Amino acid sequence: MNVLKFGGSSSASADRIKSIIEIVKPSLTSDVALVFSAFGGVTDQLISMSELALAGSTDYKKIFIDLENRHLEVVRGLLPVSIQSGILAQVKIQLNELENVLQ
C-alpha cells in the first residue's frame, strides 16, 4: 500500500486541495491511501480557543467563527451545490460539538 500524506499548508484551501487531487489522480488505485493534516493553522487555532475557553474568556468565539467559516468555505469550494447540503450539515454538527466543549 502507498500512503500519500499532505500537510496543513498544502491543504489550506479549496484551491490547494483541488491541486492535490489533480496531482494524485493518475496514482489513485485501490492500494493508495490519502492522509491529510488539519488545514494550515487550524491546530494553533484549536489550542488558542481551548486556552481562552479554559481561562473563561469568550474571545475564543472570534477564532471559532473564523474556523467555522474556513471549513464551510472549503466544502463550498470543493463540492457541487447539488451535494453540499449533507456535507455542510455534517461539518456543522462537528463544529457544534466543538463549540459545546468550548462553552
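Because the structure is predicted, anything quoted here is derived from the model rather than measured.

Novice: Could you give me a rundown of the packing of helix α3 (residues 60–78) against helix α4 (residues 81–102), with the residues and numbers involved?
Specialist: Where α3 contacts α4, the two axes come as close as 10 Å, and the packing angle between them is 165 degrees. Taken together, the axes of α3 and α4 are roughly antiparallel relative to one another. Crossing of α3 against α4: the hand is right-handed. For the pair α3 and α4, the contacting residues are Tyr-60, Phe-64, Leu-67, Glu-68, His-71, Leu-72, Val-75 and Arg-76 in the first and Gln-84, Ile-87, Leu-88, Val-91, Lys-92, Leu-95, Leu-98, Glu-99 and Leu-102 in the second. Residues that form the contact of α3 with α4 fall into these classes: 11 nonpolar, two polar and four charged.

Novice: Could you give an account of the packing of aromatic side chains, with specific residues and numbers?
Specialist: Overall, the coordinates contain one aromatic pair when judged by the stated rule. Relative to Phe-36, the ring of Phe-6 lies with its centre 5.4 Å away and its plane at 25 degrees, an arrangement referred to as stacked. Here Phe-6 is found in strand β1 (residues 2–6), whereas its partner Phe-36 is found in strand β2 (residues 32–36), with 30 residues between them in sequence. Judged by relative accessible area, Phe-6 falls into the buried class, the value being 16%. A residue is classified by how much of its surface remains accessible, and Phe-36, at 38% relative accessible area, is partly exposed.

The rules behind the values
Residues numbered from 1 in each chain as written. Predicted model: local features only at pLDDT ≥ 70, side-chain atom pairs only at ≥ 80, totals over all residues. Heavy atoms only, no water. Axes fitted to C-alpha atoms, helices over the stretch in contact; angles between N-to-C directions. Helix = DSSP H or I, 4+ residues; strand = E, 2+ residues; numbered from the N terminus. Parallel < 35°, antiparallel > 145°, perpendicular 65-115°, else oblique. Left-handed = near helix turned anticlockwise from the far one by under 90°. Contact = heavy atoms within 4.5 Å. Nonpolar A, V, L, I, M, F, W, Y, C, P; charged D, E, K, R; others polar. Phe/Tyr/Trp six-rings, centres within 6.5 Å; stacked < 30°, edge-to-face > 60°. Buried < 20%, exposed > 50% of the residue type's maximum accessible area, 1.4 Å probe, protein only.

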